Amino acid sequence: MADQQQTGRTPAGEAPTDGRPGAGDDDGLGYEQARDALLEVVRQLETGGTSLEESLALWERGEQLAKVCQRWLDGARARLDAALAAEESDGRE
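Residues numbered from 1 in each chain as written. Predicted model: local features only at pLDDT ≥ 70, side-chain atom pairs only at ≥ 80, totals over all residues. Heavy atoms only, no water.

1. Quick notes on the overall build of the protein
- Within the protein, the regular secondary structure consists of three helices and zero strands.
- In the protein, the succession of helices and strands from N to C terminus is α-α-α.
- For the protein, the residues scored as buried account for 17% of the 93 residues in total.
- Taken as a whole, the protein presents about 6800 Å² of accessible surface, with 52% of it coming from carbon and sulfur. (Helix = DSSP H or I, 4+ residues; strand = E, 2+ residues; numbered from the N terminus. Buried < 20%, exposed > 50% of the residue type's maximum accessible area, 1.4 Å probe, protein only. Areas by Shrake-Rupley, 256 points an atom, 1.4 Å probe, with all protein chains shown as cover.)

2. Describing the nonpolar core
- Within the largest apolar cluster, six residues are counted, these being Ala34, Val41, Leu58, Leu65, Val68 and Cys69.
- Listed by contribution, the elements that provide at least two residues to this core are α2 (31–47) and α3 (52–92).
- Among the elements that take part in this core, α3 stands out by supplying four residues, more than any other. (Core = buried A, V, L, I, M, F, W, Y, C linked by side-chain atoms within 4.5 Å.)

3. What to know about the environment of alanine 57
- By secondary structure assignment, the location of alanine 57 is in helix α3.
- On the basis of relative accessible area, alanine 57 is assigned to the partly exposed category, the value being 41%.
- A sequence separation of 16 residues divides alanine 57 from valine 41, and the C-alpha atoms of the two residues are 9.8 Å apart.

4. Regarding the environment of glutamine 70
- When you line up the elements, glutamine 70 lands in helix α3.
- Residues glutamine 70 and alanine 34, 36 residues apart in the sequence, show an inter-C-alpha distance of 10.0 Å.

5. Digging into the pattern of salt bridges
- For the structure shown, the criterion picks out three salt bridges.
- Aspartate 36 serves as the salt-bridge partner of arginine 35, at 3.2 Å between the closest nitrogen and oxygen.
- On the accessibility criterion, arginine 35 (33% relative accessible area) is partly exposed.
- Residue classification places aspartate 36 among the partly exposed positions, given a relative accessible area of 43%. (Salt bridge = Lys/Arg side-chain N within 4 Å of Asp/Glu carboxyl O.)

This is the structure we're talking about:
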């Protein structure tokens, strides 16, 4: 936990609690950075001209980036749901 406080990263195997992506090679990327990198991977794959090995490496990189984006989106959804639930409970009092 001290490592998380120092680096701002979620330790491996733990779910993010504040909208940031979880652990992994790309956990320092913001949503927009990961999305832009993913778009570049897709562009390279669509353009072609790469060897099978390079294409597989690009595909794997794309999968990693897609997971980072999904974690960001899941975190944002959780924050929105929590805010809506809090607003709803405040309105009932």
